[in-house]
Amino acid sequence: SPRGEPYLEKEYWLDRAAPRLIRRVLFRDPDGSVRLDSQLGDYELLDAAGPRLPHLMSAEWPADGTSLRFRISKWTLFPQLNADSPQFTTPPECGPDRT
């Protein structure tokens with residue numbers, strides 16, 4: 001927080017039963033208020049080996065009443081893309097010269 005106190009920035013809500021899928025992710029401000037409420041659902045296997053991916057996603061920004069909801073009809077795997085690919089770089093990791 002601005003005063004140097006710890007705070008919960010991201011909160012993951014999981015199913016209680018296996019395979020413990022992520023159903024909701026809350027992003028909080030230092031004062032504890034919800035900045036972004038995202039929900040995931042309609043999980044399906046990508047292929048016989050997995051992984052399970054959500055096909056329904058929604059996001060709400062309570063501060064201004066904005067929301068977004070979308071459905072994915074089909075996921076496609078691209079082996080050349082990985083966690084180090086630029087598509088997965090978060091804005092803070094980009095820095096001011098790469099926004």
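Residues numbered from 1 in each chain as written. Predicted model: local features only at pLDDT ≥ 70, side-chain atom pairs only at ≥ 80, totals over all residues. Heavy atoms only, no water.

**Quick word on the overall build of the protein**
Right, on to step 1. Check the secondary structure of the protein and you find one helix and seven strands.
Right, on to step 2. Helices and strands appear in the protein in the N-to-C order β-β-β-β-β-β-β-α.
Right, on to step 3. Going through the 99 residues of the protein one by one, you find that 19% of them count as buried.
Right, on to step 4. In the structure as shown, the protein presents an accessible area of about 7900 Å², 55% of it carried by carbon and sulfur atoms. (Helix = DSSP H or I, 4+ residues; strand = E, 2+ residues; numbered from the N terminus. Buried < 20%, exposed > 50% of the residue type's maximum accessible area, 1.4 Å probe, protein only. Areas by Shrake-Rupley, 256 points an atom, 1.4 Å probe, with all protein chains shown as cover.)

**Some words on the sheet that holds strand β6 (residues 56-61)**
Right, on to step 1. Here five strands make up an open sheet; going across it, the order is β1-β2-β3-β6-β7 and the pairing antiparallel. Looking at strand neighbours, the two that pair on one side only are β1 (10-14) and β7 (66-71), the edges of this open sheet. Across the sheet, the mean angle separating the axes of adjacent strands is 10° when strand polarity is ignored.
Right, on to step 2. With five bridges joining them, strand β3 (residues 34-41) and β6 adopt antiparallel strand pairing. Within the sheet, the bridge partner assigned to S38 lies in β6 and is A59. (Pairing = 2+ DSSP bridges. Axes fitted to C-alpha atoms, helices over the stretch in contact; angles between N-to-C directions.)

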